[in-house]
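# Observations on the model geometry
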Amino acid sequence: MSIPAHPFSEYESHPLVEAARELEPSIRACADEIERLGNVPAELIDAVTDRGLFRMNIPARSYGEQAHPLVVFHAIEALAHADASTAWVVMIASEVSLLAAWLPNAVLSQMIGGEEPGGPRCRIVGSSRVMTTAEPDVSGFRLSGRLNFVSGVEHATHVVATFIDFEDQVRFALLPRRAGTVIDTWDAMGLQGTGSHDWELDDAFVQRGHTWAALDPPAAEGPHWRVPDRSLVAWIANAGHAVGTAQGALDDLAVAASEATTGDSSALRDREPFRLEFARAQAEVAAARAFVQEAWTRAWPTVESGEPDPSLLARCRLANVHAVHACAAAVERLFRASGTNAARRSWTLERRWRDLQTARQHGAALDWNFDAGIRPTLGLPARRAR
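Below is a short write-up of the structure.

Thresholds, definitions, all that
Residues numbered from 1 in each chain as written. Predicted model: local features only at pLDDT ≥ 70, side-chain atom pairs only at ≥ 80, totals over all residues. Heavy atoms only, no water. Helix = DSSP H or I, 4+ residues; strand = E, 2+ residues; numbered from the N terminus. Rg over C-alpha atoms; globule rule 2.2 N^0.38 Å. Buried < 20%, exposed > 50% of the residue type's maximum accessible area, 1.4 Å probe, protein only. Contact = heavy atoms within 4.5 Å. Areas by Shrake-Rupley, 256 points an atom, 1.4 Å probe, with all protein chains shown as cover. Lys, Arg positive; Asp, Glu negative; His and termini not counted. Charge placed at Lys NZ, Arg CZ, Asp CG, Glu CD. Phe/Tyr/Trp six-rings, centres within 6.5 Å; stacked < 30°, edge-to-face > 60°. Core = buried A, V, L, I, M, F, W, Y, C linked by side-chain atoms within 4.5 Å.

What follows is about the overall build of the chain. Counting its secondary structure elements, the chain contains 13 helices and ten strands. Against the 2.2 N^0.38 benchmark of 21 Å for 386 residues, the chain shows a C-alpha radius of gyration of 21 Å, consistent with a compact globule. Its C-alpha atoms give the chain principal-axis dimensions of about 75 × 45 × 40 Å. In the chain, buried positions account for 56% of the 386 residues. In the chain, the proportion of contacts linking residues at least 24 apart, taken out of those at least 6 apart, comes to 73%. Counting every atom, the chain has about 16,400 Å² of accessible surface; 52% of that belongs to carbon and sulfur. In the chain, which carries 37 positive and 49 negative side-chain charges, the distance between the mean positions of the two groups comes to 3 Å.

Turning our eyes to something else, we now look at the packing of aromatic side chains. One pass over the structure, following the stated rule, counts eight aromatic pairs. A centroid spacing of 5.9 Å and a plane angle of 45° characterise the contact between W296 and W300, whose relative ring orientation is tilted. Of this pair, W296 and W300 are both found in helix α10 (residues 272–304), four residues apart, which corresponds to roughly one turn of the helix. Residue class for W300 comes out buried when judged on its relative accessible area of 1%. Arranged with centres 5.5 Å apart and planes meeting at 25°, the rings of F335 and W353 form a pair that is stacked.

Among the eleven residues that make up helix α12 (residues 349–359), ten are buried, leaving the element largely enclosed by the rest of the structure. Turning to α12, its buried residues are L349, E350, R351, R352, R354, D355, L356, Q357, T358 and A359. Residues of α12 that are buried make contact with α2 (15–29), α3 (31–37), α5 (69–82), α6 (84–100), α9 (236–256) and α11 (310–337).

A few words on the nonpolar core. In terms of nonpolar packing, the biggest core is built from 107 residues, with L53, M56, I124, V292 and W296 touching the most fellow members. Here the element with the most residues in this core is α11; it accounts for 13 residues. Ignoring any residue separated from it by four or fewer positions in sequence, one finds W296 in contact with P69, L70, L232, V233, I236, P301, C316 and N320. If you look at the next biggest cluster of nonpolar residues, it comprises 17 residues, including L143, A156, V159 and V206.

As structure tokens, this is what we get:
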């Protein structure tokens, strides 16, 4: 008797996800270098670009992939399984690309080279935090200021900057990376290879047509831009990052657990207390992954139909934030259970622990997401991203 395919399998076997998995050996081979240099090597960035992974959330009409959220989830998961920093850079680009789609398709396509053979090779990074000031210009704005935590900025082609316009409303601008200056500031306990430096603008001109107001309706067509709260679709990538990083820690530790540790000649895997903690961690990560899959599989058809279900979308937000916290807690559990060797840099466990602690500082993991995710269940009005 044949077993029917699982409804999630079409997303897990998508060509973009397979492309991410194909890169895992190359990424893993240079993970130590990425950590040491504080950046992803250019040749690896090119390999990711070649496979379309930087354009997963660019509209199809602008020659992007406009991939299903669960495809993005699994692609980021695969990259994070090899290296959290590499996955983070791609994750941020996918999230900021959703913002750039507020520009008209013709403008966005022209800016990012969408009609070039093979599609756009853009890498769009940036920030939604208001970090720049604007001065009037005849046909646009002149921006000055500094964006911080701009992950992947050294390899970016474009940057999204945020400012307050002359009508006192939040406005976004898409600029070429060369319009500003990268300031080397990244020094953090985790995600050390993301190159999350500052990017400074000094009286940089941007055409008004290359900007959009936060309250404008999106120009792009498709379900990604019909979700009332745009951070929701973006932050499924954070869940994928957490799940991939944690599962990578589990898989690496399963191999390393054959070693003895200081003060005990028996291997970790031969000790029942370790096995119990390992089992709990594996169950927690697998459950977090399944919750994301289940929530988004149920909710997305309502978005595609043009009638997004607020309760189901709130459940997606709950699944997203839960994944980040559950995976960080699972790796913390592994770290405590693994003895002195857990602190060795020759293992990946301490790095993945640091990476997840740092990743948990992102807005996608803040506690208000739990509140927003449970409000409909309690009969309370919806809560939007801050």
